[in-house]
Structure formats: structure tokens, C-alpha cells
2 protein chains.
Amino acid sequence: MSFTANIFNSHSKKDGDFLLAITKVLGFKPKKLPIYRKAFLHRSVNQKDKQGNPMNYERLEFLGDAMLGTIISKHLYNEVPGGDEGYLTKMRSKIVSRKHLNELGKDLNLIDFVESRIPKSHFGDNIHGNVFEALVGAIYLDRGYKYCEKFIRERVIEPYVDIEQLEGQVMSYKSLLIEWCQKQKKEFSYNVYEDSGNDPVKHFAVKLSIDGKVMAKARATSKKKAEEKASKRAFFALQGKIKGDS
Amino acid sequence: MSFTANIFNSHSKKDGDFLLAITKVLGFKPKKLPIYRKAFLHRSVNQKDKQGNPMNYERLEFLGDAMLGTIISKHLYNEVPGGDEGYLTKMRSKIVSRKHLNELGKDLNLIDFVESRIPKSHFGDNIHGNVFEALVGAIYLDRGYKYCEKFIRERVIEPYVDIEQLEGQVMSYKSLLIEWCQKQKKEFSYNVYEDSGNDPVKHFAVKLSIDGKVMAKARATSKKKAEEKASKRAFFALQGKIKGDS
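Thresholds applied
- Residues numbered from 1 in each chain as written.
- Chains lettered and ligands numbered in written order.
- Predicted model: local features only at pLDDT ≥ 70, side-chain atom pairs only at ≥ 80, totals over all residues.
- Heavy atoms only, no water.
- UniProt positions renumbered as here; feature names shortened; annotations may be inferred.
- Pairing = 2+ DSSP bridges.
- Helix = DSSP H or I, 4+ residues; strand = E, 2+ residues; numbered from the N terminus.
- Axes fitted to C-alpha atoms, helices over the stretch in contact; angles between N-to-C directions.
- Contact = heavy atoms within 4.5 Å.
- Domains from an automatic or database assignment.
- Buried area = accessible area lost by both parts, 1.4 Å probe.
- Salt bridge = Lys/Arg side-chain N within 4 Å of Asp/Glu carboxyl O.
- Polar contact = N/O pair within 3.5 Å; in protein donor to acceptor, adjacent residues only side chain to side chain.
- Nonpolar A, V, L, I, M, F, W, Y, C, P; charged D, E, K, R; others polar.
- Buried < 20%, exposed > 50% of the residue type's maximum accessible area, 1.4 Å probe, protein only.
- Arc of directions from axis to C-beta.

If you check an unreviewed UniProt entry, chain A appears there as Ribonuclease 3 from Zeaxanthinibacter enoshimensis. In its Cofactor (unreviewed entry) section, the UniProt entry covering chain A states "Mg(2+)". Check the Catalytic activity (unreviewed entry) section of the UniProt entry for chain A; it says "Endonucleolytic cleavage to 5'-phosphomonoester."

Here you go:
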């Protein structure tokens, strides 16, 4: 369950509730709330503005997609001074891949904000990434470049972008651990829950259990990162065992 | 002949000359000049930075391409409130087309800044657009988003982006005029030259002659726009004749 669940299932929901929930996601206060409403308006709602133009998140998605690409490009440019244009292009497309953006949108439970006439269960996975991009577009229009950069830094780069892992140079600790558990016929589970802490950026906490025993805990700004952190801790705790087995 | 011609044919050219010429192109003073040098460094020069990384304009081109797309996206978003995502994408790709960017780079004589071991006459047309994008990337790194937006507004949007013409809704006056001249077996010529005025943004002036007689003059921030303006003036001056013939 998420703090935003059921908070915005119809347009009649009060602005106050929406403001509260979206502020938590953004990490700052929006100025023009209607822009953010639009970022979650599915075309099935068939809404029009005063001039009769269709109102839904698709135009904002177009804008957010471009801005996201630019900020990620700048990050890569600075982080990988030895990478040529081809390398930078490849890394950027990994970071802003549909799969990756869907994961991001899901972690933030953005679908809870979506207004639609189609039941949400009927949507494919892409809705998560699409509204994430639309949200970036809304920030761009509402607060400009600087806030966009801050948001993308906190929500995409910091929690998700590990260049070595994207390059496949480093194996993830999670996969190492899972492999070991499977070989040893041990049961494992990751329990991820949203952290109720008062951080300006939402955190996720995870408990990793092996054969019912909690092996490690970790906190991070994304589910993926929290799981990876916990796996790394468990991996080092178990290192003697894991090495001994191999 | 352009004011930048031959001013930067070798790396030994003084920074002062380069600063003067690039400031004229930018419309503002650069802070970190070496970034702009890099924007014109062809890979054939084979230069490396202190860490041994290859230094040429290709990485900046990657960055500038992204930023250009973002600023044009925002412009289209605001200018065409009735256009859906598909329309916006199509219009953007027309504006940032290779052909269009090459035209832009050529008008600014950016090739005069290029440092290369290959004779410039051996380059294809794309060099013009590539270094234009690299220049946008350099501005982004040197002065940030705001200056990029200003530069793109002054150098791309204001002089080149006419949405109705891009949509093909309006025929250009230049093509109307040329068609008429050809039908009437009249000789015509456009004489474009760089304006020596002291505007912060470089202007182009054009004289349109028909059968050796100057029919119209115009000034604008791009060659294309100056030609179009002059054609429009001539078109209205000749309107009686042109209509009478059809």
C-alpha cells in the first residue's frame, strides 16, 4: 500500500489532497497545480480546454521525454569524459529505456494519480513510464529547467544510474545472492516497503530474509537500490560461506 | 566573404581573435573559451586532453543535439496548443532536420572556426549542422540552460521557424516569385550579404533584382528570411502583373 493509493481516483478529489501527495513525489511545492493534474489525465477522459483543444498527458510526455534526455546527456557527458558520442548515445538509451522508466513510475506509484475512464487494470506497463515523462514535462513548464534537473537527479540519476552496472562491468549483488541461494536450495525473500520517514525524498526500506531469517536491511531512494544494498550486506556477511561453496 | 573568414584557420590563432568572432556569433560573451574551441575541433586533429581522452566536437554535438530538441519542443508545445504528440514530433523533426541545421551552420560561417587536418573542401554538408549542434552543447556547458534558450531563440526559432510554412499551409513568396519569373522568361537574382550593422544579432541583407533592376531589398536575421521578405515585397509590388498573367 502506498501513501498515495486511492487519494486521486476521481477529478472531484480535492486539490488539497492532490497537492499534498504530489509535493511528496516532487520533493518541492508546485506552483501551478493544474499542469500536474494534466500530467495524469488519460485521453479516455476526453477532456478539452477552453479553446476546445484535447487535454491529456500526451503533449507533456513529449516535452518531458526531451528534457529527460537532455539532463541524462549532460550527466553522462560529465561522468564519462572518455566516452565517445556512440557510447554516450548507447548509455542514454539504456537509462531512458521504456523498461527503466516504467520501473521508475511504478516505484513512485504514479498510476494512483491517473484519471481515466478505462479501468487501471487494463493498462499495459507503459502507462507508468509515460506519466513519469509527463510529470517531468509538467515540472519543466511549472518551475523551469533547474527544478527539472533537481528532480531528475533525485529520482532518476541518484537512485538508478550506476554506470558500471549499466555497462555490465559489475555484476549485481542481488543476482550473485540469488544464484547462491538457488544453488544451496535456500529460500529467500525481499520485503520492500515505503519508508514512512520524513525525508524530502521518498525512501524505500527492504528486509532480505534467507530461510526465514532476516540477513540484512537497507534503505535507499529506489526499490532497486535498496535491494542491491541489502544484497551487498548479506553477501559480505555470508562471504565466507559463499566463497567456501564455490 | 564573412567577417570570420580566415580568422581561425590554425590553433595558433590568438584567443583574442577567436573571442571577438565567437562573441559576435553568440550574441554574448563566453566565460570558458576552451569549451568553444573544442566545439570546432575535428577528430582528424587527433587532440587529447590531460587524461588522454580524445578531444573533438562529437561529444558536444551529442549534448547540443539533445538541448536543441528540448528547446524546440517547448517552443512547439507553447505555440501549437492544439497539436497532439504526433504532430509535435513531426514538426520538431522538420525543424531540427539535418538539412535545416546545415543551412543554419552555413549562414553563420561556422566552418571558418573548424580546425581540421582534412581540407575543408573535402567535408560534406553535414559539418555545418554538426558544429552548430556542438556550439549549442558548448553554450550549455559554459553558460547553462538560459543562454542556450536565448541563443536558440535568436538563431533558430526567430529566423527560421515559421510554423505555417513548415506545415506547408503557406507557399513561400520566394517560390511564387521564381515560378512567375520562369514563366515570364525573366532573369532574377538574389544578392545576399552580411550586414555590417552593429546589432547584437548578426543580420543579413538582400537585394532582389529582376531583369537587372532592383525590385526589393530586405534585412533579417537569416538569409532565408531576408530572401523571403524581399520576395514578399517584390510580389506585392508586382501583384497586378502577376495576377494579370495567371
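After that view of the structure, there is still more to cover.
> Honestly, the sheet that holds strand 3 (residues 188–194) of chain B in this entry has me stumped. Any pointers?
Whenever strands of a sheet pair, they do so through backbone hydrogen bonds, lying parallel or antiparallel. Residue and element names in this part refer to chain B. The three strands lie next to each other as 3-4-5, forming an open sheet whose pairing is antiparallel. Edge positions in the sheet fall to strand 3 and strand 5 (213–220), since each of these pairs with one other strand and no more. Each neighbouring strand pair of the sheet contributes to a mean axis angle of 20°, computed without reference to strand direction. Bridge count between strand 3 and strand 4 (residues 204–210): seven bridges; the pairing is antiparallel. Its bridge partner being in strand 4, F188 is matched across the sheet by I210. Across the sheet, helix 9 (residues 223–237) is in contact with strand 3, strand 4 and strand 5; its angle to strand 5 comes to roughly 135°.

> Which parts of the structure should I look at to understand the domain arrangement of chain A?
In many analyses, interface size is given as the accessible surface area lost on bringing the parts together. Residues and elements named next belong to chain A. On domain assignment, one finds that chain A holds domain 1 (15–166) and domain 2 (173–245). Measuring from the centre of the C-alpha atoms in domain 1 to the corresponding centre in domain 2 gives 28 Å. Facing the twelve residues of domain 1 at the interface are 13 residues of domain 2. For the pair domain 1 and domain 2, the summed buried surface comes to about 1100 Å²; carbon and sulfur atoms form 39% of the total. Taken together, the connections running from domain 1 to domain 2 amount to two salt bridges. The partner of E103 in a salt bridge is K224, and the shortest N-O contact between them spans 3.8 Å. The interface formed by domain 1 and domain 2 contains four residue pairs in polar contact (both at pLDDT 80 or more). Looking at which element gives the most residues to the side of domain 1 that touches domain 2, the answer is helix 6 (residues 126–160), with five residues. Its residues placed into classes, the side of domain 1 that touches domain 2 shows three nonpolar, three polar and six charged.

> Sorry if this is basic, but what is going on with helix 8 (residues 173–183) of chain B here?
Owing to its 3.6 residues per turn, the α-helix aligns residues three or four sequence positions apart on the same side. Residue and element names in this part refer to chain B. Among all positions in helix 8, only Y173, L177, W180 and C181 are buried. One side of helix 8 holds all its buried residues, which, seen down the axis, span an arc of 100°. The exposed set on the far side of helix 8, more than 90 degrees from its buried face, consists of Q182 and K183. Of the residues flanking the end of helix 8, it is K185, one or two places downstream, whose phi is positive at about 55°.

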